[in-house]
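Take a look at the letters that make up each chain.
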Amino acid sequence: MSLTQGGNHLSSISPKLQENIEFLEKEMGIGASFDVVMREMHLAGTDMAILFIDGFAKDQVMLLILNQLARLERRDIAISPVKRLMEQQIPYIEVTKVDKLHAVVDAVLPGAIALLIDGEAEAIIIDAREYPVRGPEEPDIERVTRGSRDGFVETIVFNTALLRRRIRDPKLRMEMLHAGVRSKTDIALCYLEDVANPSLVRDLRKRIERIKVDGLPMADKSLEEFFTGGKFTLFPRVRYTERPDVAAVHILEGHVIIMVDTSPSVIIAPATWFHHVQHAEEYRSTPLVGAYIRWVRFLAILLSVIATPIWLAAANNPEILPAALRFIGPKEVGNIPLWGQLLLAEFGLDAIRMAAIHTPSPLFTALGIIAAFTVGDVAIKVGLFTPEVILYMAIAAVGSFATPSFELANAHRLVRLGLLIAVTLFGVPGLIGGILLTLLILAGTKSFGVPYLWPLIPFNWKALRTILIRRPVPLTLRRPSALKPQDSDRTR
């Protein structure tokens, strides 16, 4: 028998069809798994076998190929059957041949069709797969008032097509990689070959190739944790988006987009803190309105982090306030200390948020009414919270929801909790020390070699000006220098 097996290693295809069938039946569980189908046939005077996964193969293509094979006679494939079938008899575009059984297995499991012929040491692979897919609907967390309503879906081929539709450049590369010994997850690196930093592309490719794990069940989130080396990081090193237009903008700037099959979001690398706080809505408005929206968002994000810690510090130390601001702070604290009220409100807000995620849509309105009455009005009346606690927690919540990046909003929530604990334990010095420590962490963080606070640290006024003020597109002619693009001029 010409087949040898050592661990997961599969040898070359045998000219004896039955040997190949026996091996594939054992390796792929044909008969044990109802969706793995092996069809043995005698066509054109030759024994053949077709192998596919039920649910992935296109029925119309299968029917077309089988009809064509059924009309063949022995003389049609008497000489070089594989070559004759590929070049003359199989009416389909994506057709290749392989000579290893592991290549057959790796091709069939993602959805391709394999055709094996008795007497031939090669198999024909017909990529006629069709994945279940939903329509490219607008993402829920990145909505815009005006603009495109399509979004990425869970099928990687559809996502690459959405990018190709927006960037029709022959230099756009869609490099396919795989990770996961068992899952063999498809991962695509998308970048402009003559713009993206080659060392960045190589670094990302090596990081993906070094992944040694059985699978990536959580797709891009699992991949991100391998990028960070499994470390406990506070701030997200990459940005996610479900909008093809946002991904296209970053590719044109020199970023690399990483797509993972089964995920409707893509990874943007590298990403600074300022990338996380920008939103497509700013570029769907006039520059003046976009600048105003950006500043309102910046203020909301800032308040989401420091509003409650500063209020707690002022309420506990009213002597630090000027006379005009002495109204800040409750007249009566109540039965629970202020720090306990704030922490309780934080946990309650997170509980409501998690409950909203798991609440069916028809009951969502009812949940909101219950939360408003229970956490708000009733909690104040029974003395659980003071009115100002509810006010400042509402400000923090609105600021969190105004943060475009869900991952950054979660990081800011942890920073806010840390500052509240620091103020509770050390007062005003704790607040100052906590803010300085957060800034030091931000300054020391890098995303694939790019400083996280660029262009603030290191300081670059021209780049910072484009972030602080939403400039018109015709005036934004240079790519970000921190990315080290091969071509920094956007007019070519």
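The model shown is predicted, which means the values in this text are computed figures rather than measured ones.

We now examine the side chain of Glu 346. Looking at the element boundaries, Glu 346 is found in helix α11 (residues 338–358). For Glu 346, a relative accessible area of 1% corresponds to the buried category. Those residues within four positions of Glu 346 in sequence are excluded, and the remaining contacts are Met 393, Arg 413, Arg 416, Leu 417 and Leu 420.

Bringing the nonpolar core into the picture now. One finds Leu 24, Met 28, Leu 51 and Val 104 to be the most contacted residues of the largest nonpolar core, which totals 24 residues. Those residues in contact with Leu 51 that sit more than four places away from it in its chain are Leu 24, Met 28, Ile 30, Val 36, Val 37, Met 38, Val 104, Val 108, Ala 112, Ile 113 and Ala 114.

By way of backbone hydrogen bonds, the strands of a sheet pair with one another, either parallel or antiparallel. An order of β3-β4-β6-β7-β5 is seen for the five strands of this open sheet, with the pairing classed as antiparallel. Each having just a single partner strand, β3 (36–43) and β5 (95–98) make up the two edges of the open sheet. Going from strand to strand, the sheet's axes swing by 25° on average, the running direction of each strand aside. For strand β4 (residues 46–53) and strand β6 (residues 113–117), the ladder comprises four bridges, and the chain directions are antiparallel. Directly across from Met 48, in β6, lies its bridge partner Ile 117. Taken strand by strand, helix α1 (residues 17–28) contacts β3, β4 and β6, and its axis lies near 15° from that of β4. The strands touched by helix α2 (residues 59–70) are β3, β4, β6 and β7 (123–126); relative to β3, the strand with the most contacts, the crossing angle is about 20°.

Here the focus is the packing of aromatic side chains. The geometry of an aromatic ring pair is captured by the separation of the ring centres together with the interplanar angle, meaning the angle of the planes. This model, assessed by the stated rule, comprises five aromatic pairs. Between the aromatic rings of Trp 311 and Tyr 392, the centroid separation amounts to 5.4 Å while the plane-to-plane angle is 25°, which identifies the pairing as stacked. Taken together, the residues Trp 311 in helix α10 (residues 287–316) and Tyr 392 in helix α13 (residues 387–401) connect sequence positions 81 residues apart. As far as burial versus exposure is concerned, Trp 311 and Tyr 392 are alike and both buried.

With 12 residues, α1 extends 16 Å between its outermost C-alpha atoms, agreeing within 8% with the 16 Å of an ideal straight helix rising 1.5 Å per residue. Leu 17, Glu 19, Asn 20, Ile 21, Phe 23, Leu 24 and Met 28 are the residues of α1 that are buried. A positive phi of about 70° marks Gly 29, the residue just after α1.

Turning to its location among the elements, Thr 445 is positioned in the loop between α15 (428–444) and β13 (446–447). Distance from Thr 445 to Ile 301, taken between C-alpha atoms, is 19 Å for residues 144 residues apart in sequence.

What follows concerns the pairing of β7. On β7, burial covers both faces: Ala 123 and Ile 125 on one face and Ile 124 and Ile 126 on the other are all buried. Across four bridges, β5 lies against β7 in antiparallel orientation. By the bridge assignment for β7, Lys 97 is matched with Ile 124. In this sheet, β7 lies alongside β6 in antiparallel orientation, the contact comprising four bridges.

Our focus in this paragraph is the confidence of the model for the protein chain. Summarising the model, the protein chain shows a mean pLDDT of 86, and 94% of its residues fall at 70 or more. Highest mean pLDDT in the protein chain belongs to strand β11 (residues 256–260) (95); lowest belongs to strand β1 (residues 5–6) (40). Confidence drops under a pLDDT of 50 for residues 1–10, and excluding neighbours within four residues, the segment shows 23 contacts in the predicted structure.

Right, let's get into the environment of Arg 479. By the element assignment, Arg 479 lies in the segment after α16 (461–468). Classification of Arg 479 as buried rests on a relative accessible area of 9%. Each C-alpha atom, one on Arg 479 and one on His 255, is 10.0 Å from the other, the two residues being 224 residues apart in sequence. When neighbours within four sequence positions are excluded, Arg 479 is seen to be in contact with Val 195, Leu 252, Glu 253, Gly 254, Pro 485, Asp 487, Ser 488, Asp 489 and Arg 490. Within the structure, the side chain of Arg 479 is placed 3.1 Å from the backbone oxygen of Asp 489, a separation counted as a polar contact.

Now for the pairing of β6. Sheet faces and side chains relate simply in a regular strand, where the side chains alternate between the two faces. Summarising burial for β6: five of the five residues are buried, a large majority. Both faces of β6 are covered, namely the face carrying Ile 113, Leu 115 and Ile 117 and the face carrying Ala 114 and Leu 116. Connecting β6 to the next strand, β7, in antiparallel fashion are five residues, including Gly 119 with a positive phi near 90°.

Attention now goes to the sheet that holds strand β10 (residues 239–241). Within the open sheet, the five strands sit side by side as β8-β9-β11-β12-β10. Their pairing is antiparallel. Where the open sheet ends on each side, the last strands, each with one partner, are β8 (172–179) and β10. Mean inter-strand twist for the sheet, computed between neighbouring axes without regard to direction, equals 25°. As defined by bridge partners, β10 adjoins strand β12 (residues 266–269) across three bridges and the pair is classed as antiparallel. Its bridge partner being in β12, Thr 241 is matched across the sheet by Val 266.

Together, Glu 22, Glu 25, Glu 40, Asp 47 and Asp 118 make up a negatively charged patch on the protein surface. Within the secondary structure, Glu 25 sits in helix α1. Note on Glu 25: relative accessible area 34%, which makes it partly exposed.

Glancing now at unusual backbone geometry. Cis geometry marks the peptide bond from Ala 269 to Pro 270; its omega dihedral reads -10°. Residue position: Pro 270 is located in the loop between β12 and α9 (273–276). A cis amide bond links Trp 454 to the next residue, Pro 455, at an omega of 10°. Positive phi values are uncommon outside glycine, yet Ala 219 reaches one of about 55°. With a phi angle near 55°, Phe 448 is a residue other than glycine that sits in the positive phi range.

Calculation rules
- Residues numbered from 1 in each chain as written.
- Predicted model: local features only at pLDDT ≥ 70, side-chain atom pairs only at ≥ 80, totals over all residues.
- Heavy atoms only, no water.
- Helix = DSSP H or I, 4+ residues; strand = E, 2+ residues; numbered from the N terminus.
- Buried < 20%, exposed > 50% of the residue type's maximum accessible area, 1.4 Å probe, protein only.
- Contact = heavy atoms within 4.5 Å.
- Core = buried A, V, L, I, M, F, W, Y, C linked by side-chain atoms within 4.5 Å.
- Pairing = 2+ DSSP bridges.
- Axes fitted to C-alpha atoms, helices over the stretch in contact; angles between N-to-C directions.
- Phe/Tyr/Trp six-rings, centres within 6.5 Å; stacked < 30°, edge-to-face > 60°.
- Expected span 1.5 Å × (residues − 1).
- pLDDT = per-residue confidence, 0-100.
- Polar contact = N/O pair within 3.5 Å; in protein donor to acceptor, adjacent residues only side chain to side chain.
- Patch = residues over 30% accessible without salt bridge, like charges linked within 9 Å, V, L, I, M, F, W, Y side chains within 5 Å.
- Areas by Shrake-Rupley, 256 points an atom, 1.4 Å probe, with all protein chains shown as cover.
- Salt bridge = Lys/Arg side-chain N within 4 Å of Asp/Glu carboxyl O.
- Lys, Arg positive; Asp, Glu negative; His and termini not counted.
- Charge placed at Lys NZ, Arg CZ, Asp CG, Glu CD.

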